Amino acid sequence: MIELSHLTKVYGDIAVVNDVDMHVEAGTITVIVGTSGSGKSTLLRMVNRLVEPTEGRILVQGNDVSKMPAHELRRSIGYAIQNHGLFPHWTVARNIATVPMLLGWDRRKVAARVEELMELFQLDHAQFAGRYPHELSGGQQQRVGVARAMAAKPALLLMDEPFGALDPIIRGKAQADLKAIQRRTGTTILLVTHDMDEAIHLGDRIAVMDGGNLKQYAPAADILARPADAFVDDLIGAVDRPFHYLTLGSVGAAVEPGEAGGAPLAADASLYEGLGALLWSGRKAAPVVDAAGTPLGRVTLDSIADRAARPR
Amino acid sequence: MIRDLIRPGTILRLVVFAALIAFLLAPDRFAGLLAPLTSNGAPPIYHQSSLVDLTLSHLFTVAVSTLAAAIVAVGLAIFVTRPAGAEFLALSRAVVNIGQTFPPVAVLALSVPIMGFGEGSTRLALFLYGLLPIFENTLVGLSTLPPAVVETASAMGMTGRQRLLKVELPLAMPLIVEGIRLSAVIGLATATIGSTVAAKGLGEVIVAGLLSNNLAFIVQGGVVTGVLAVLISDGFQAVARHAAKRRGVSSGAPPAEPDEQQAAA
Amino acid sequence: MTTLSDAATDRAATPRVDRLGVVIAILVVVALALPFATFRATRIASGTGLRLFDALPAGTAAAVAAVLVAALVTAVASRRPTFRLALGALALAALALGAGAAGAHLTPADNPYARIAPASGFWVGVFAAAMLVTDAMVRLKLGPVGRLVALAVTAALVVALLASGAWSHLSLIAEYRNRADVFWREAGTHLVLAAGSLAAAVVIGLPLGVLAYRLRKLRDPLINVLNIIQTIPSMALFGILIAPLGWIAANVPGAHAIGIRGIGMAPAFLALFLYSLLPMVANTVVGLNGVSRAVVDAARGMGLTDRQRLIQVEMPLALPVILTGIRIVLVQNIGLATVAALIGGGGFGVFLFQGLGQTATDLILLGALPPVALAFAAAVVLDAVIEISGKGKA
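Computed from a predicted structure; not experimentally measured. (Residues numbered from 1 in each chain as written. Chains lettered and ligands numbered in written order. Predicted model: local features only at pLDDT ≥ 70, side-chain atom pairs only at ≥ 80, totals over all residues. Heavy atoms only, no water.)

J.: I would appreciate a short explanation of the overall build of chain B in the present structure.
T.: Looking only at helices and strands, one finds 11 helices and zero strands in chain B. Secondary structure elements in chain B, listed N-terminal to C-terminal, are α-α-α-α-α-α-α-α-α-α-α. By the burial criterion, 55% of the 265 residues in chain B qualify as buried. Of the contacts formed within chain B by residues at least 6 apart in sequence, a portion of 75% connects residues at least 24 apart. Within the structure as shown, chain B displays about 11,000 Å² of accessible surface, and the carbon and sulfur contribution to it stands at 69%. (Helix = DSSP H or I, 4+ residues; strand = E, 2+ residues; numbered from the N terminus. Buried < 20%, exposed > 50% of the residue type's maximum accessible area, 1.4 Å probe, protein only. Contact = heavy atoms within 4.5 Å. Areas by Shrake-Rupley, 256 points an atom, 1.4 Å probe, with all protein chains shown as cover.)

In C-alpha cells form, the structure reads like this:
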C-alpha cells in the first residue's frame, strides 16, 4: 500500500526524518509512535505532501506521490487530526461532504454518502446534519472529523493524534469504534500517536520513531517481547509491559478444560480484562463462554500469568 | 428573525429611519421645529439644493470610494498573505499603522492639489484612507485563522484558490465587514468635510449654516449626517454579527476591543 | 526522486530578486522622470514643473541623482537592513537639501513674489526613500527605546534643516514666514484642544470605565451610547453642539465669562472630549476585564480590600490596555482638532481651510503637515511607552 524508501526531511541542519524505509500493508492499521519531536508527524505529512521530502521516495498503491498534483493526491487520501480541523462556517453535513464535493460527485450521491457515514459514526442525521461544529461536543466533533476524512472512501487514511484532545473514557470508545469501522471497511490506516497504550491497542504493526530515526517496526507483540533498544524499552515502560502484553491476547486463547464458579468471561475479552475480573472477584479461575453463551471451559490466573511472562 | 425585528432597539432604529426619510422628502413640514434656531427671519430649512439630492450624492461618493477601497484592500491583503507576496507583508503592516495616524482631513486636503476641487479629491481621499481599515482587518482575519482548519483544507485536497474562496475568506468575513464599516463611517465623516472642497454632499448644509450664522442649517445638516452614519454603521454591525453568530467564529471586533481603530473623523 | 528534492533545494538556494526592492527602484526612476520643483511667478499663479537637472545647478543635481541611484541599487541588490536604512536616510537628506537648493537656485533676484515648491518628483522620491527606511526599520526590529531615539534624531534633523535656512526660499516657508505669529498661536490652540480634551477624557473616562467594569448593568448601555457618539461625523457633532452651547452662553449666568460660546473652542473641545470617552472607557473596561481571574482571586484571598485590589493589582495590570486607549485618543484628537477651525475653534485647520479657500497648496501643506507629523510622533511615543509598560505583564 505505502512504500517509503530512504525518506528524509531536513530543516536547516537537522534531519527531522532520517533515511526511513517502511512498508505498510494494505488493509491494516499501522501506528507510528514516538515522543514529540521524533519526526512522526513529519513522516505522516510527507505521505500526502503537506511536507515535501528532502530526499527519498513515497509510493502509494504503486504510484510515486511526487508525480501527482498535490491536491489530487490529497483528495484520494483521508486525513484526520487532533483538533479535528472542522470548517467552523460549514454544517456537519457540508463538512463531511467536503472531499466528495471537491471530486464533483453528484449531489444525491453526496447526500446519501453523508447519511451513511453519519449512521456509521452514530450521529443522528436528523439531529446533527444541520448543526455547526461549535454546537457539538468534543467527541462528536472528533467523529465528524474522521467521518469527513473517510467520506470519499479513500483506500488510505492518515490520522495525526486523532484522539489526543479527548478525555480518557471517550477516547477508549473512539478507539474501539475506529478499529471496528476499519475492520468493516478495510481502509488502510496510518496513525500517529505519542501514546504507547493507543499504539498497542490499535496497531497491527507499530513503528517506533526517535530523533528522526525509525527504531523498530514490527507487530505489537514483537515490540513488547523484543524491544530493539533501550529507547523502545523505555517507551513501553518496564512496569506496564506484562499488562500491555495481556491486552494483545484474548481469553479464548487461554481456555483450558475444566469447571469454575462465578460469573463467566466472554471468550473475546482480552486477557487483561480477564485478569482484572479474576483479581477483583477474588477467584483463581472463571468459566469462559462464547458469544452465544456456550461454555468453552475455564481460564485460570496461572494460565493468564503464563501469557504475561516474557516469551522465550 | 422575527424576534430580532421586534427588539426595542430595532423599533427605535426604524422610527429614526422613518423620521429621516420624512424629513428629507418633506423638510418644510419640520420648519416649525427648526424655526426657533433662526434669527432675523432667516429661513429654517435649507433650500439652495434639495436635501434628497445632497444625501444621495453624499452616499454615492462614500459608496463608490468604499467599494473601490474594499476591492483593492481585500485584494492586497490576499496578495501579501500568499507566498508570492510574503516579502511585502511586514512593510505593508507598518505602512498601514503609519497611515492610520494620518488625520483623514489632512488626506482630504492633500488630495486637492492632486485632483483639484470637487468630488474627485473627496473620492480619492476617501478611497486612500478607506484602504487602511479594510486592509488591516482583512489581514488580521486571514492571518489569524485556526491553523488546524487551514491545514485540513489543504489536506482535503483543496487547491490554493479553493482554500481561499471556500475557507479563508468566509472565515475572515466578519472582520472584513467590520473593516468596511469603519471605512464607510470615516468616509461619511470625511465626505462631510468634502463640502469645503466643493464636493456635493450634506456638509454643504452645515457650511452654509456656518457662513450665514444660521443655526437651523447647522443642526439639520448635522443631525441628518449623524443619523445616516449611525444607521449605516448599525447596518454593517448587524451583518457582521449575523455572519459571526451563525458560524460560531470570532466576530468582528466588539466595541471594547483595545486595539480597534476608532471611527471618528 | 529527483524532482522533489531538486525543487525543494532550488527554492532555498537560488537568490531571488527582492521584489519590494524592485518596486522601490521603479518609484525612484519615476521620481527622477517627474518634475522635481515647481516655479510660480506669484503665490497662486499656475506653475511650471522643472526636472531635477533644470531645477538645480548641474553639480548639485548630479549629486542628488547619484544618491538616489545609489539608493535604487541598494534597494535591488542588498537585503541588509542597515545598508537600506543608511541609503534610504541619505536619499531623504539629499531630497530635502536638493529641494532647498532648488529654492535658492530658481528664485529670481528681481521677483520677491515668485514661489518655488517641491513637485511630484520630489514627493515620489520621498515616498520611495521612506518605504526603504520603513522596511529597514521593520526588519531591524528596533525596541521601544531604539524607536524613541530614531524619532528624536529625525525630529532634531528636521528642526536643524528648518533652522539652518536651507529651505528659506521654498514657498512653504514663505507662507510660514508671512504668518509666523499666528502659526504658533494656532499651534498652541491645536495642542490645547487635543491634549486638553484628552486630559478631560482621562479624568472623567477612567473612573467611568472602572464604574462600568464594576456595574455590569451600566456597561453595555454606556458603551453603546459612546459608540454612537463616535460614529457621528466630526463636522456634524461640532455643528450640533453649537446650539446647546450657544443657549448656555446666553442663558446661564457666568457661562459666557468662563469662555463658553456657541462657536469657537468650546464646542470643539466638548466634541473632542465626547469622542475621547469611548476609547478611554472601553479600554479601561477591557483592560480590567483582562486581568486574570486567578490574580484577582489571589488578591481577594490575601485580604486586599476592593479599593486596594483596584489600585495595587488591577490598574497596574490593565495599564498597557488603558495606555492604548490614550494613544488612540491622542492620535485621533490631533487629527480631529484640525476640523475645529471650521467652527472658529482655531488650530492648524485654520491654515488648511484658508489654503483650500484660496487654492494655495503651500498654505494647505502648512496646515496639514504639522498635524500629520504630530500625530505620527504621538503614536510612536505612546507605542513605545505601551510596550515598556507591558514588559513582564503579558
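What follows picks up the thread again.
J.: Could you clarify how one ought to interpret the sheet that holds strand S2 (residues 48-50) of chain C in this entry?
T.: Backbone-to-backbone hydrogen bonds join strands into a sheet, with any given pair of strands oriented parallel or antiparallel. Residue and element names in this part refer to chain C. Spatially, the three strands line up as an open sheet ordered S2-S1-S3, and their pairing is antiparallel. For this open sheet the edge positions go to S2 and strand S3 (115-118), each flanked by a neighbour on one side alone. This sheet shows a mean twist of 25° between the axes of neighbouring strands, independent of strand direction. Judged from the three bridges that link them, strand S1 (residues 37-40) and S2 form a sheet pairing that is antiparallel. By the bridge assignment, phenylalanine 39 is partnered in S2 with threonine 48. (Pairing = 2+ DSSP bridges. Axes fitted to C-alpha atoms, helices over the stretch in contact; angles between N-to-C directions.)

J.: Would you mind showing me how to read the interface of chain C and chain B here?
T.: Interface size, as often reported, equals the accessible area lost upon joining of the parts. Of the residues lining the interface, 57 residues belong to chain C; the matching set on chain B comes to 53 residues. With both chains or domains summed, chain C and chain B bury close to 4,300 Å², and 78% of this area falls on carbon and sulfur atoms. Taken together, the connections running from chain C to chain B amount to two salt bridges. Across the pair Arg19(C) and Glu87(B) runs a salt bridge whose closest N-O atoms are separated by 3.2 Å. Taken together, the elements giving at least two residues each to the side of chain C that touches chain B come down to helix H2 (19-33), helix H6 (120-140), helix H10 (216-231), helix H11 (234-251), helix H12 (265-289), helix H14 (306-336), helix H15 (349-358) and helix H16 (361-390) of chain C. A per-element tally of the side of chain C that touches chain B places H16(C) first, with nine residues. Partitioning the side of chain C that touches chain B into residue classes produces 38 nonpolar, 13 polar and six charged. (Buried area = accessible area lost by both parts, 1.4 Å probe. Salt bridge = Lys/Arg side-chain N within 4 Å of Asp/Glu carboxyl O. Nonpolar A, V, L, I, M, F, W, Y, C, P; charged D, E, K, R; others polar.)

J.: In this structure, what is going on with the side chain of Thr28(A)? I would like to understand it.
T.: In this fold, Thr28(A) is placed in the loop between strand S2 (14-24) and strand S3 (29-34). Setting aside its immediate chain neighbours within four residues, Thr28(A) contacts Gln182(A), Thr187(A), Thr188(A), Ile189(A) and Asp204(A).

J.: Explanation requested: the sheet that holds strand S11 (residues 265-266) of chain A in the structure shown.
T.: All names here are of chain A. The sheet built from three strands is open, its strands ordered S11-S12-S13 with mixed pairing. Strands with a single pairing partner mark the edges of an open sheet, and in this sheet they are S11 and strand S13 (295-300). By the bridge criterion, two bridges tie S11 to strand S12 (residues 285-289) in an arrangement that is parallel. For leucine 265, the partnering residue across the bridge sits in S12 and is valine 288.

J.: What's the story with the packing of helix H12 (residues 241-248) of chain A against helix H14 (residues 301-308) of chain A in this structure? I'm lost.
T.: Two measures define how a pair of helices packs: the angle their axes make with one another and the distance between the axes. All names here are of chain A. With their axes 8 Å apart at the nearest point, H12 and H14 run at an angle of 110° to one another. One finds that H12 runs roughly perpendicular with respect to H14. Contacts between H12 and H14 involve Pro242, Tyr245 and Leu246 on the former and, on the latter, Ile304, Arg307 and Ala308. The class makeup of the residues in the contact of H12 with H14 is five nonpolar, no polar and one charged. (Parallel < 35°, antiparallel > 145°, perpendicular 65-115°, else oblique.)

J.: Looking at this structure, I do not really get the pattern of salt bridges. What am I missing?
T.: Pairing of side chains with opposite charge becomes possible as their charged atoms draw close. Using the criterion set out here, one finds 32 salt bridges over all chains in the structure. Here Asp64(A) makes a salt bridge to Lys67(A), at a shortest N to O gap of 3.4 Å. Owing to a relative accessible area of 12%, Asp64(A) belongs among the buried residues under this scheme. If you follow the salt bridges from partner to partner, you end up with Asp18(C), Arg84(C), Asp135(C) and Arg139(C) in one network.

J.: Help me out: how do you make sense of the UniProt feature "transmembrane region" (unreviewed entry) in chain B in this one?
T.: Residue and element names in this part refer to chain B. This chain's UniProt record puts "transmembrane region" (unreviewed entry) on residues 57-80, 101-118, 124-150, 171-195 and 215-236. In this annotation, residues 171-195 is assigned 92% helix and 0% strand; the end-to-end C-alpha distance for the span is 38 Å. Helix makes up 100% of residues 215-236 and strand 0%, whereas the separation of the span's terminal C-alpha atoms amounts to 31 Å. (UniProt positions renumbered as here; feature names shortened; annotations may be inferred.)

J.: Looking at this structure, how should I read the domain arrangement of chain C?
T.: All names here are of chain C. What the domain assignment reports for chain C is domain 1 (13-164) and domain 2 (180-390). One C-alpha centre belongs to domain 1, the other to domain 2, and the line joining them spans 35 Å. Taken together, the contact between domain 1 and domain 2 spans nine residues of the former and 14 residues of the latter. Summing the contributions of domain 1 and of domain 2, the shared interface buries around 970 Å²; its carbon and sulfur component is 64%. Here domain 1 and domain 2 share two salt bridges between them. (Domains from an automatic or database assignment.)

J.: Can you help me understand the environment of Arg327(C) in this one?
T.: All names here are of chain C. Within the fold, arginine 327 resides in helix H14. The buried category is assigned to arginine 327, whose relative accessible area is 17%. Among the polar contacts made by the side chain of arginine 327, one reaches the side chain of aspartate 383 at a distance of 2.7 Å. (Polar contact = N/O pair within 3.5 Å; in protein donor to acceptor, adjacent residues only side chain to side chain.)

J.: What should I look at first to understand the side chain of Thr61(B) in this one?
T.: Residue and element names in this part refer to chain B. Considering the arrangement of structural elements, one finds threonine 61 in helix H4 (residues 51-80). Using a relative accessible area of 2% as the deciding quantity, one classes threonine 61 as buried. Leaving out residues up to four positions away in the same chain, threonine 61 has contacts with Glu119, Thr122, Arg123 and Leu126.

J.: Help me understand the packing of helix H5 (residues 89-99) of chain B against H6(C), please; the structure alone is not making it clear to me.
T.: Direction vectors running N to C along H5(B) and H6(C) enclose 110°, while the axes themselves pass 9 Å from each other. Here H5(B) is positioned roughly perpendicular relative to H6(C), judged by the angle of their axes. As for how H5(B) packs across H6(C), the hand of that crossing is right-handed. Contact residues: H5(B) offers Ala90(B), Leu91(B), Ala94(B), Val95(B) and Ile98(B), while H6(C) offers Met131(C), Thr134(C), Asp135(C) and Val138(C). (Left-handed = near helix turned anticlockwise from the far one by under 90°.)

J.: Is there a simple way to think about the packing of aromatic side chains in this case?
T.: Following the criterion strictly, the structure yields 12 aromatic pairs over all chains and no others. Considering the side-chain rings of Phe87(A) and Trp90(A), the 5.1 Å spacing of their centres and the 80° angle between planes classify their relative orientation as edge-to-face. Judged by its relative accessible area of 0%, Phe87(A) falls in the buried class. Plain terms: the ring middles of Phe79(B) and Phe88(B) are 5.8 Å apart, the flat faces sit at 45° to each other, and that makes the pair tilted. A residue is classified by how much of its surface remains accessible, and Phe79(B), at 33% relative accessible area, is partly exposed. Taking relative accessible area as the criterion, Phe88(B) reaches 15% and is therefore assigned buried. Taken together, the ring pairs in this structure connect Tyr176(C), Phe183(C), Trp184(C), Phe348(C) and Phe351(C) into an aromatic cluster. Here Arg94(A) stacks its cationic end above the ring of Trp90(A), 4.0 Å away from the centre of that ring. (Phe/Tyr/Trp six-rings, centres within 6.5 Å; stacked < 30°, edge-to-face > 60°. Lys NZ or Arg CZ within 6 Å of the ring centre and 35° of its normal.)

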